[in-house]
Amino acid sequence: MNTLLTRSTPRIAAFFDSLDRMLGRVENLAKIGRPMLNGERYLTDLELSQRLKISRRALQDYRRDGKIPYYQIGAKVLYRESDIEKMLKVHYRRDYK
């Protein structure tokens, strides 16, 4: 029996729903993934403050006090992801029980 397949057909509707979910995931990956410079990722102060859950003002204090490495090009401040990871490892403190 030949049946007309439309978007309202349950199997076709499920297929298109699955495609929509995949497209949403790909769009999310495109937002968070950025081209790297020489294999390195650079974060803005907003991105880093969100990741570390601290204020942008705290980052400014860390820069001023020489606690955190950064690059400044004009008014733009960037942090190399690998530098931040190293800094976090150096300042890691174990819980002593």
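All of the points below concern the structure found in this document. All of these numbers come straight from a predicted model, not from anything done at the bench.

What counts and what doesn't
- Residues numbered from 1 in each chain as written.
- Predicted model: local features only at pLDDT ≥ 70, side-chain atom pairs only at ≥ 80, totals over all residues.
- Heavy atoms only, no water.
- Salt bridge = Lys/Arg side-chain N within 4 Å of Asp/Glu carboxyl O.
- Helix = DSSP H or I, 4+ residues; strand = E, 2+ residues; numbered from the N terminus.
- Buried < 20%, exposed > 50% of the residue type's maximum accessible area, 1.4 Å probe, protein only.
- Phe/Tyr/Trp six-rings, centres within 6.5 Å; stacked < 30°, edge-to-face > 60°.
- Polar contact = N/O pair within 3.5 Å; in protein donor to acceptor, adjacent residues only side chain to side chain.
- Contact = heavy atoms within 4.5 Å.
- Patch = residues over 30% accessible without salt bridge, like charges linked within 9 Å, V, L, I, M, F, W, Y side chains within 5 Å.
- Areas by Shrake-Rupley, 256 points an atom, 1.4 Å probe, with all protein chains shown as cover.

**Details of the pattern of salt bridges**
Next up, step 1: Tallied over the entire structure, the rule returns eight salt bridges.
Next up, step 2: Ionic pairing is found between D61 and R57, a salt bridge with its closest N-O pair at 3.5 Å. Residue D61 and its partner R57 are located together in helix 3 (residues 56–64), separated by four residues, close to a single helical turn.
Next up, step 3: Judged by relative accessible area, D61 falls into the partly exposed class, the value being 22%.
Next up, step 4: We note a salt bridge from D61 to R64, for which the minimum N-O separation is 3.1 Å.

**Considerations on the packing of aromatic side chains**
Next up, step 1: Scanning the entire structure with this criterion turns up two aromatic pairs.
Next up, step 2: Ring geometry for F15 against F16: centres 5.6 Å apart, planes inclined by 75°, an arrangement best described as edge-to-face.
Next up, step 3: A relative accessible area of 30% means that F16 is categorised as partly exposed.
Next up, step 4: Seen in terms of ring centroids, Y42 and Y71 are 5.8 Å apart; in terms of plane orientation they differ by 70°. Their pairing is edge-to-face. Of the two residues, Y42 is situated in strand 1 (residues 42–44) and Y71 in strand 2 (residues 71–73); the sequence distance between them amounts to 29 residues.

**Re the side chain of S49**
Next up, step 1: Residue placement: S49 occurs in helix 2 (residues 45–52).
Next up, step 2: For S49, the side chain forms a polar contact with the main-chain oxygen of L46, separated by 2.9 Å.
Next up, step 3: Ignoring anything within four residues of it in the chain, the contact list for S49 reads I54, S55, R56 and L59.

**Topic: a nonpolar patch on the surface**
Next up, step 1: A cluster of nonpolar side chains, F15, L19 and M22, forms an exposed patch at the surface whose accessible area comes to about 270 Å².
Next up, step 2: Take F15: it is sitting in helix 1 (residues 10–32).

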